[in-house]
Amino acid sequence: MSDGRATRDGDASMTRTYVLVVLLEILVLLGLWLAGRYFGI
Amino acid sequence: MHIVDWAIVGLYLVWIIYDGLKRTKGSDRIEGYFLANRSLPWWAVGLSVMATQLSAITIVGTTGQGYADGMSFVQFYFGLPIAMIILSLTVVPFFHRAKVYTAYEYLEKRFDAKTRALAASLFLVLRALSCGTIISAPAIILSIVLGWNLTATVAAIGLPTVLYTMFGGVQAVTWTDVKQIAVVIAGMLAAVVVLVVGISHHVGVSEALHLAGATGRMQSLDFHFNLRDTYTFWSGTIGGLFLMLSYFGCDQSQVQRYLTAKSVQEGRESLMVSAFAKIPLQALVLLTGVLVFVFYLFQTPPLLFNPVHEDQIRRSAQAGAYHDLETEFARNVSARRTAALAAAAARDRGDAARAHDAEQAFLAADARVRTARQQAVGILKQATGDQEYTDVNYVFPTFVVTSMPIGLVGLMIAAIFAAAMSASAGELNSLATTSVIDIYRRHVNTSASDRHYLLVSKLATGVWGLFACVVAVYAVNLGSLIEVVNKFGSYFYGSLLGVFVLAIGTKRATGRGAFWGLIMGMLAVGAVGFGTDVSYLWYNVVGVVVVTVVGMVLSYTDRAPAPTAAT
């Protein structure tokens with residue numbers, strides 16, 4: 001039972017990490033795009 | 001190089017050898033030697049994954065690209081974070097639960113011995129040659145820029161790496177990787193600080209980036225879709241995704257890193273280190289190159305960054321023409337400096353119309369500087385006969401040795417050593433693992449003792465290490481061959497990924513389907529590579545699709561039921 005709970009907790013924690021990875025990538029891409037726009041003009 | 005810098009490089013080497021050799025605990029059995037008894041924490045494994053991928057070529061080549069083309073190369077990594085999520089959900093749990101030493105071992109559990117042998121052999125050929133390149137590229141550049149003996153430089157990078165990898169196994173590789181990536185990041189940050197301080201004597205950081213932006217170097221994203229263009233948002237996101245899936249999911253030099261993690265959860269978390277940090281780190285390295293460009297707006301750069309080639313011209317019949325060109329180049333650089341200062345001053349005053357005019361004058365002056373450099377390259381090609389000449393990889397090392405202060409030069413040279421050593425150590429370790437586990441223990445001597453396999457593993461590490469050093473010394477005369485070797489990797493990476501898609505993604509796939517799918521995939525990629533001018537990042541997509549389709553069609557024609565997936 002405790003192993004199952006640990007696995008579920010691990011999965012939930014990894015899901016949050018995956019969402020954070022995607023959000024960070026979007027933010028970095030946005031930052032790079034904005035830097036290109038701002039400094040390119 | 002100053003004695004203080006020599007001392008720093010020497011201290012770095014002693015520290016790494018000492019640290020690597022003391023990490024032999026638990027390496028007296030083969031599982032400890034190759035997999036650290038699956039006991040390492042996620043953060044150490046994650047940093048080791050990054051260190052293995054980040055070679056010295058990344059430091060000198062990527063800063064050179066930033067200098068010449070700007071930030072656009074960062075797009076190459078756009079597929080990486082998504083690839084890490086996919087791998088963390090798929091291959092990490094499969095490999096861990098299968099209790100394998102190598103990715104290719106899993107292919108026999110799932111398919112058959114010949115598919116495993118083919119995949120392992122492809123890996124051995126590619127990695128053996130690339131390991132030599134990883135050592136040779138920085139050794140050639142450092143020996144030219146610093147006037148060092150090439151063989152001695154190869155030995156200084158290669159032999160300590162062989163020593164601690166041979167005796168310490170994967171524990172030594174991982175824990176030295178952690179230190180080495182810290183040295184690399186410290187070196188890069190030191191270079192950025194020196195650049196910012198140097199530039200700020202002339203213009204502010206914002207104006208500096210505007211000057212870089214005026215030349216297009218701050219443009220990171222290109223949404224234009226063309227299969228022939230190598231670095232676009234689409235090739236990086238889609239082609240790069242498949243390349244990263246192949247590299248991190250099927251290449252033993254990476255798979256072995258996360259097989260050492262103490263659990264599936266920690267293996268998954270280790271991949272997230274790269275998912276979070278890789279793009280920002282690459283952006284920092286590229287930005288360093290962009291700042292070197294701005295730095296050289298206010299200093300006079302060498303007309304050609306490769307001093308050996310420059311000496312050859314000075315001794316040739318073109319020496320006079322080259323001297324005249326140097327005078328013209330210095331005049332153009334001076335005019336560009338004046339124009340850059342005028343553009344920055346106009347922008348600082350908020351005078352938009354004057355800023356625009358001044359920027360146009362700056363761009364015209366920059367074009368004249370580039371023309372002079374192109375003429376110099378033309379003279380060089382005539383004088384040396386080297387039609388492939390490019391000195392982009394020499395830009396950053398030249399900046400380091402001529403413009404960084406005493407002490408930081410040593411740190412930066414140590415960082416280049418660290419990057420080369422961490423990447424080659426991971427490769428040597430994985431070459432030995434695949435040689436022993438997939439070839440020797442499987443086909444040559446199947447029933448020896450653990451102690452015997454451990455001894456053979458250490459010998460294999462040493463032999464591969466010496467082979468890599470020999471390739472590195474001779475690679476100086478094999479310029480175009482290095483390119484062929486690198487291209488060869490992209491010919492089979494996607495196909496190898498296709499086999500793992502069949503293995504993990506489907507229950508119906510059979511050994512016959514996987515084996516012939518892999519062969520057909522490589523042939524298809526070869527046809528695309530030699531018959532079209534499609535960019536190499538797309539080869540991986542072609543490989544995966546052909547292997548999966550051919551493999552599934554053949555599998556469905558097989559009467560026998562597919563073996564059960566080993567999990």
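Calculation rules
- Residues numbered from 1 in each chain as written.
- Chains lettered and ligands numbered in written order.
- Predicted model: local features only at pLDDT ≥ 70, side-chain atom pairs only at ≥ 80, totals over all residues.
- Helix = DSSP H or I, 4+ residues; strand = E, 2+ residues; numbered from the N terminus.
- Rg over C-alpha atoms; globule rule 2.2 N^0.38 Å.
- Buried ≥ 20, exposed ≤ 12 C-beta atoms within 10 Å, placed from the backbone.
- Contact = placed C-beta atoms within 7 Å.
- Nonpolar A, V, L, I, M, F, W, Y, C, P; charged D, E, K, R; others polar.
- Axes fitted to C-alpha atoms, helices over the stretch in contact; angles between N-to-C directions.
- Parallel < 35°, antiparallel > 145°, perpendicular 65-115°, else oblique.
- Left-handed = near helix turned anticlockwise from the far one by under 90°.
- Core = buried A, V, L, I, M, F, W, Y, C linked by C-beta atoms within 7 Å.
- Expected span 1.5 Å × (residues − 1).
- Arc of directions from axis to C-beta.
- pLDDT = per-residue confidence, 0-100.

Draft legend 1. Just the overall build of chain B, in detail. A count of helical and extended segments in chain B gives 22 helices and zero strands. Relative to its length of 567 residues, chain B is compact, with a C-alpha radius of gyration of 25 Å against a globular reference of 24 Å. Taking the principal axes of the C-alpha coordinates as reference, chain B spans close to 75 × 50 × 50 Å. Across the 567 residues of chain B, 57% fall into the buried class. Restricting to contacts in chain B with at least 6 residues of sequence separation, those with at least 24 account for 85%.

Draft legend 2. Focus on the overall build of chain A. Within chain A one finds one helix and zero strands. Here chain A holds 41 residues, and 15% of them are scored as buried.

Draft legend 3. Quick look at the interface of chain B and chain A. Taken together, the contact pairs 20 residues of chain B with 14 residues of chain A. Elements with a contribution of two residues or more to the side of chain B that touches chain A: helix H5 (80-89), helix H10 (205-214) and helix H13 (264-298) of chain B. Residue contributions to the side of chain B that touches chain A peak at eight residues, all from H13 of chain B. Class assignment of the residues belonging to the side of chain B that touches chain A gives a composition of 14 nonpolar, five polar and one charged.

Draft legend 4. Focus on the packing of helix H8 (residues 113-146) of chain B against helix H9 (residues 150-200) of chain B. All names here are of chain B. At their nearest, the axes of H8 and H9 sit 9 Å apart, and the two run at 135 degrees to each other. On the basis of their axis angle, the class for H8 and H9 is oblique. Helix-helix and strand crossings are classified by hand; for H8 and H9 the assignment is right-handed. Together, Ile135, Ser136, Pro138, Ala139, Ile140, Leu142 and Ser143 of H8 and Leu150, Thr153, Val154, Ile157 and Gly158 of H9 make up the contact between the two elements.

Draft legend 5. Quick look at the nonpolar core. All names here are of chain B. Of all hydrophobic cores here, the largest spans 204 residues; its most connected members are Ala415 and Ile416. Here this core gets 20 residues from one element, more than from any other, and that element is helix H18 (residues 408-444). Apart from the residues lying within four places of it in its own chain, the contact partners of Ala415 are Ile59, Val183, Val184, Gly187 and Met188.

Draft legend 6. How the structure looks around the environment of Ala472 of chain B. Residues and elements named next belong to chain B. Summarising the element assignment, Ala472 is placed in helix H19 (residues 450-474). Looking at Ala472, the number of C-beta atoms within 10 Å reads 28, which means it is buried. Separated by 339 residues in sequence, Ala472 and Thr133 place their C-alpha atoms 5.9 Å apart. If near-sequence neighbours (up to four positions away) are discounted, Ala472 is found in contact with Gly132, Ile135, Ser136, Ala139, Val154 and Gly158.

Draft legend 7. How the structure looks around helix H1 (residues 3-21) of chain B. All names here are of chain B. Compared with an ideal rise of 1.5 Å per residue, which puts 19 residues at 27 Å, H1 spans 27 Å between its outermost C-alpha atoms and is within 8% of the ideal. All of the buried residues in H1 are Asp5, Ile8, Tyr12, Ile16 and Gly20. For H1, the angular spread of the buried residues around the axis is 90 degrees, confining them to a single face. In H1, the exposed positions angled more than 90 degrees off the buried face are occupied by Ile3, Ala7, Leu11, Val14 and Tyr18. Each element contacted by the buried residues of H1 is listed here: H9 and H18.

Draft legend 8. Structural view of the packing of H5 of chain B against H13 of chain B. Residue and element names in this part refer to chain B. At a minimum axis distance of 8 Å, the contact between H5 and H13 shows a crossing angle of 175 degrees. Classified by the angle between their axes, H5 and H13 sit roughly antiparallel to one another. Contact residues: Leu80, Pro81, Met84, Ile85, Leu87 and Ser88 in H5; Arg268, Leu271, Met272, Ser274, Ala275, Lys278 and Ile279 in H13.

Draft legend 9. View of the environment of Pro397 of chain B. Residue and element names in this part refer to chain B. Counting through the fold element by element, Pro397 comes out in helix H17 (residues 395-403). Accessibility expressed as a C-beta count within 10 Å gives 24 for Pro397, which makes it buried. When the C-alpha atoms of Pro397 and Gly529 are compared, they prove to be 33 Å apart, with 132 residues separating the residues in sequence. In contact with Pro397, other than residues within four places in its own chain, are Val60, Ile141, Leu142 and Val145.

Draft legend 10. Region of the structure containing the confidence of the model for chain B. The predicted model of chain B has a mean per-residue pLDDT of 89, with 96% of residues at 70 or higher. The ipTM for the predicted assembly is 0.86, set against a pTM of 0.89.

Draft legend 11. Main features of unusual backbone geometry. Residue and element names in this part refer to chain B. Even without a glycine there, the phi angle at Ala36 is positive, about 50 degrees. One can find Ala36 in the loop between helix H2 (30-35) and helix H3 (42-53). Phi at Lys99 is positive, roughly 55 degrees, even though this residue is not glycine. Note that Lys99 resides in the loop between helix H6 (91-98) and helix H7 (103-110).

Draft legend 12. Inspection of helix H4 (residues 56-69) of chain B at higher detail. Residue and element names in this part refer to chain B. Across its 14 residues, H4 extends 19 Å between first and last C-alpha, which sits within 8% of the 20 Å expected from 1.5 Å per residue. The buried fraction of H4 amounts to eleven of the 14 residues, a majority that puts the element mostly inside the structure. Turning to H4, its buried residues are Ala56, Ile57, Ile59, Val60, Gly61, Thr62, Thr63, Gly64, Gln65, Gly66 and Tyr67. Those residues of H4 hidden inside the fold are in contact with H8, H13, H17 and H18. In the stretch just after H4, Gly70 is the one whose phi turns positive, near 95 degrees.

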